[in-house]
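Survey of secondary and tertiary structure
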Amino acid sequence: SALEAEMRQGLRQGEFILHYQPQFDAGGALIGMEALVRWQHPQRGLVPPGEFIALAESTGLILPLGQWVLETACAELAACKPVCGRPLGVAVNVSARQFRHPDFVEAVLGVIERSGIEAAQLKIELTESLLLEDVEETVERIGRLKAHGVGFSLDDFGTGYSSLSYLKRLPLDQIKIDRSFVRDVLSDANDAAIARTVIALGQTLGLHVIAEGVETEAQRDFLIEHGCDAFQGYLFGRPAPIGELRCLGTLH
Ligand code: G
Ligand code: G
Ligand code: MN
Ligand code: NA
């Protein structure tokens, strides 16, 4: 398609950029950030990932794009000074197709090595659809990267069809409460019950729980009260280029 050809060219010409959204713990300390890709299109302006990730996945362009995202997120993190002496983390979204590629583990280890960050500073966000196929291979692959210290988070938790028995088998570090449950957590009894259940499930399985889409102090307080560990959302900061993340203070 025309968009596919434009994406291919955009990749060659360096039109993709990363924005970062900060993540905080329950005590209010900055713990890291999620890398979110955007396409700085010469005519269309800043194009959000919702408009090109699906096409990138179906065409295979997600492989070079995903590799670029990993390289860039780790390199930009390496250029950040530690905040209060603690190394920050970066969370990178990885598509199923990218994760399933035979060279994925080696590619991630190579990126970490070249960037100079610690493996434990990188967290890979996977979506629930990965749980639906080849759990055996998924467990093995996550395990190989975890052995080096790389962390794993399950994104958009609760929106898919994951079986809890599969969830139990995956060596994850974190689950992410989807923002669709956070939005009305104070007014919708079902969403409140889902949020509480996800937090309790995380605690039972020994996983950290992060909530995304937190926009108000009242939402944060509700989630803290029920044991949520970490937070991301407009209350704390919008996705922005790394140099504009105010919570990082002066960079470089
Ligand atoms: O930034 P925004 O909220 O518009 O992002 C929407 C979604 O796009 C994210 O929730 C995420 O699932 C996806 N996304 C963003 N960046 C990346 C990326 O680098 N790789 C992949 N595979 N998906 C991404
Ligand atoms: O990985 P994922 O698709 O969940 O990425 C998070 C997306 O949610 C990003 O595209 C980001 O722009 C968006 N987002 C981040 N924080 C908030 C928020 O507080 N409220 C809403 N409505 N969207 C948010
Ligand atoms: Mn994500
Ligand atoms: Na998400």
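Conventions used here
Residues numbered from 1 in each chain as written. Chains lettered and ligands numbered in written order. Predicted model: local features only at pLDDT ≥ 70, side-chain atom pairs only at ≥ 80, totals over all residues. Axes fitted to C-alpha atoms, helices over the stretch in contact; angles between N-to-C directions. Helix = DSSP H or I, 4+ residues; strand = E, 2+ residues; numbered from the N terminus. Parallel < 35°, antiparallel > 145°, perpendicular 65-115°, else oblique. Left-handed = near helix turned anticlockwise from the far one by under 90°. Contact = placed C-beta atoms within 7 Å. Near = placed C-beta within 6 Å. Nonpolar A, V, L, I, M, F, W, Y, C, P; charged D, E, K, R; others polar. Core = buried A, V, L, I, M, F, W, Y, C linked by C-beta atoms within 7 Å. Buried ≥ 20, exposed ≤ 12 C-beta atoms within 10 Å, placed from the backbone.

As recorded in an unreviewed UniProt entry, the protein chain goes by EAL domain-containing protein and comes from Pseudothauera nasutitermitis.

Turning our attention to the packing of helix α3 (residues 62-78) against helix α5 (residues 104-115). Running from amino to carboxyl end, α3 crosses α5 at an angle of 30°, the nearest separation of the two axes being 9 Å. Classified by the angle between their axes, α3 and α5 sit roughly parallel to one another. Between α3 and α5 the crossing geometry is right-handed. Facing α3, whose interface residues are Gln67, Leu70, Glu71, Cys74, Ala75 and Ala78, α5 presents Ala107, Val108, Val111, Ile112 and Ser115.

Let us look at the site of ligand 1. Inspection of the region around ligand 1 gives Leu36, Val37, Pro48, Pro49, Gly50, Ile53, Gly66, Val69, Asn93, Ser95 and Pro239 as its neighbouring residues. At the level of secondary structure, the elements contributing two or more residues to the shell around ligand 1 comprise β2 (30-41) and α3. Split into classes, the residues belonging to the shell around ligand 1 amount to 7 nonpolar, 4 polar and no charged.

Now for the nonpolar core. In this structure, Ala73, Cys74, Val90 and Val92 are the most contacted members of the largest nonpolar core, which totals 60 residues. In terms of residue count, α3 provides more of this core than any other element does, 7 residues in total. In this structure, Val92 is in contact with Ala35, Val69, Leu70, Ala73, Leu122, Ile124 and Glu125, ignoring residues within four places of it in sequence.

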